[in-house]
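Examining the three-dimensional arrangement
If you want the building blocks of each chain, they are given just below.
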Amino acid sequence: MAMYPWQAQAYEVCERAWRNKRLPHALMIAGVPGVGRHAFALRLAKLMNCQNEVSAPCGHCHTCLAIDASQYPDYHVVKPAADKSAIAIDDVRTMIETLSASAWGAGTKVAVIDTAEQLSLASSNALLKLTEEPPKDTYLLFLTADTDLIVQTLVSRCQVIHLKATSEETLAYVAKSMSASPDSQAVAVSSMLHPGAPLNVESLANDASKLDTWQNFIKHLCLLADKRIDPLAIIDKLSSQSTQQVLIVWQQILANFIAAKLAGKALHPWLEPLAKHKFRIALCYSLWDMLCQARAQMVKGITRNNSLLWADCLTMWYRIFA
Ligand SMILES: [Zn+2]
């Protein structure tokens, strides 16, 4: 797989360090979901193990193919199970034991800790010890959306690599990767909802039914601002969506609105009905805090009553447009 253009610089830094035998044994690859953290980790794992001596992994040797297929015995991944919010401590322990044994092949062992913000304190401590004394030829790659949500002693043991995509890079990628010429409105709204995440922008712009859902959500937010519906009338609509996605999308809508009102940035066409309204900025920030807090609680595995959460947020949104 070709490298994503916005990752080239970060990759070169790692590649050079690897060639000079100075790549740290613990890397923290940070970036929003949809920026391609996993692809970056895969590329590093292939660089470390590719059978052909080149600066970029060849992508077609036995090892590269096995890593791509997640079937390489010295490539390990831990992540939260689909129905769990935290990474299981047993999975972490098993991985540490495996890493302490000698490598299966002649190459380098690579362990990926996916969604590292979901590590419990116990798991973080176990991994902290490993980062202090890594077994020979072993590299730990932590993938995270936000280093602030990880135990700081662990972060300080790692070299942090920030993956970022500008909006120009996102648009260029989407234009190139979509087979049919993209619907500009679909791309514009996807970019607003997933800033800095070209892969998510691409997948949303291609997903008409999901786009429809978010367009409906935005329509309802506009109706609320117009005081044409009651905040409690749309709780059910929100409850049927992924809580985390609604939180993220709502934050982006709010960010776009604030940037338009305070900094003269363009208001997204779907939010145009909000342009005419007076609004209370202090309440915008209150809602922002509520959404952030709810996201942080989700990350920590704190469950709360969604209906209450949505009632609070919708009421706050309603009050913004006094
Ligand atoms: Zn190869």
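Within each chain, residue numbers correspond to sequence positions counted from 1 in written order. Only residues with pLDDT of 70 or above have their local features reported here, since the model is predicted, and side-chain atom pairs are shown and tallied only from 80 upward, although totals for entire chains, interfaces and linings are computed over all residues.

1. Quick word on the domain arrangement of the chain
Formally: Domain segmentation is taken from an automatic or database assignment of domains.
Entries for the chain in the domain assignment read domain 1 (5-162) and domain 2 (207-320). Averaged C-alpha coordinates put domain 1 and domain 2 at centres separated by 35 Å.

2. A short note on the environment of Phe142
Quick note on the threshold: Counting from the N terminus, the helices are the DSSP runs of H or I reaching at least four residues and the strands are the DSSP runs of E reaching at least two. Each residue gets a C-beta atom placed from its backbone, and two residues are in contact if those atoms lie within 7 Å.
With respect to the element layout, Phe142 can be found in strand β4 (residues 138-144). Separated by 180 residues in the primary sequence, Phe142 and Ala322 have C-alpha atoms spaced 45 Å apart. Once you skip the residues sitting within four places of it in the chain, Phe142 turns out to touch Met28, Ile29, Ile113, Ala116 and Cys158.

3. Regarding the sheet that holds β4
Threshold: Strand pairing is assigned whenever DSSP detects at least two bridges linking the two strands. In this description, a line fitted to the C-alpha atoms serves as the axis of each element, helices being fitted only across the stretch in contact, and the angle between N-to-C directions of two axes falls anywhere from 0 to 180 degrees.
On the basis of which strands lie adjacent, the open sheet formed by five strands has the order β2-β3-β4-β1-β5 and parallel pairing. Where the open sheet ends on each side, the last strands, each with one partner, are β2 (75-78) and β5 (159-162). Strand after strand, the sheet turns through a mean of 20° between neighbouring axes, direction not considered. For strand β3 (residues 109-113) and β4, the ladder comprises five bridges, and the chain directions are parallel. Along β4, the bridge assignment pairs Val112 with Leu141. Set on the sheet, helix α2 (residues 37-49) makes contact with β1 (26-30), β2, β3 and β4; between it and β4 the angle comes to about 170°. Relative to the sheet, helix α4 (residues 89-100) contacts β2, β3 and β4, its axis offset from that of β2 by approximately 165°.

4. Quick word on the pairing of β1
On a regular strand, each side chain points to the face opposite its neighbour's, so the side chains alternate between the two faces of the sheet. Operational definition: For every residue, the other C-beta atoms within 10 Å of its own C-beta are counted; 20 or more classify it as buried, 12 or fewer as exposed, and values in between as partly exposed. C-beta atoms are placed from the backbone.
Burial of β1 is extensive: five of the five residues sit out of reach of the surface. The pairing of β1 with β4 spans five bridges and is classified as parallel. By the bridge assignment, Ala30 is partnered in β4 with Thr144. In terms of strand pairing, β1 meets β5 through four bridges, oriented parallel. Bridging from a neighbouring strand, Met28 pairs with Val160 of β5.

5. Points about α4
Our working definition: Multiplying one less than the number of residues by 1.5 Å gives the expected span of a helix. What the arc describes is the spread of directions from the helix axis to the C-beta atoms.
Given a rise of 1.5 Å per residue, twelve residues ought to cover 16 Å, and the 17 Å separating the end C-alpha atoms of α4 matches this to within 8%. For α4, the complete set of buried residues consists of Val92, Met95 and Leu99. Down the axis, α4 shows its buried residues gathered within 65° of arc, on one side only. Residues of α4 that are exposed and point over 90 degrees away from its buried face: Asp90 and Glu97. Check the buried side of α4 and you find it contacts β2, β3, α5 (121-132) and β4.

6. Section: unusual backbone geometry
A positive phi angle is found at Thr115, which is not glycine, with a value near 55°. Within the secondary structure, Thr115 sits in the loop between β3 and α5. In this model, Asp137 sits at a positive phi of 50°, which is unusual for a non-glycine residue. Checked against the element boundaries, Asp137 lands in the loop between α5 and β4. Accessibility expressed as a C-beta count within 10 Å gives 16 for Asp137, which makes it partly exposed.

7. Some details on α2
With 13 residues, α2 extends 19 Å between its outermost C-alpha atoms, agreeing within 8% with the 18 Å of an ideal straight helix rising 1.5 Å per residue. Here α2 lies mainly inside the structure; eleven of its 13 residues are buried. Inspection of α2 places Arg37, Phe40, Ala41, Leu42, Arg43, Leu44, Ala45, Lys46, Leu47, Met48 and Asn49 among the buried residues, and these make up the whole buried set. Looking at the packing, one finds that the buried side of α2 touches α1 (8-19), β1, α3 (62-68), β2, β3 and β4.

8. Describing the environment of Glu168
Counting through the fold element by element, Glu168 comes out in helix α7 (residues 167-177). Taking the C-beta count within 10 Å as the criterion, Glu168 has 9 such neighbours and is therefore assigned exposed. With 134 residues separating them along the chain, Glu168 and Ile302 place their C-alpha atoms 37 Å apart.

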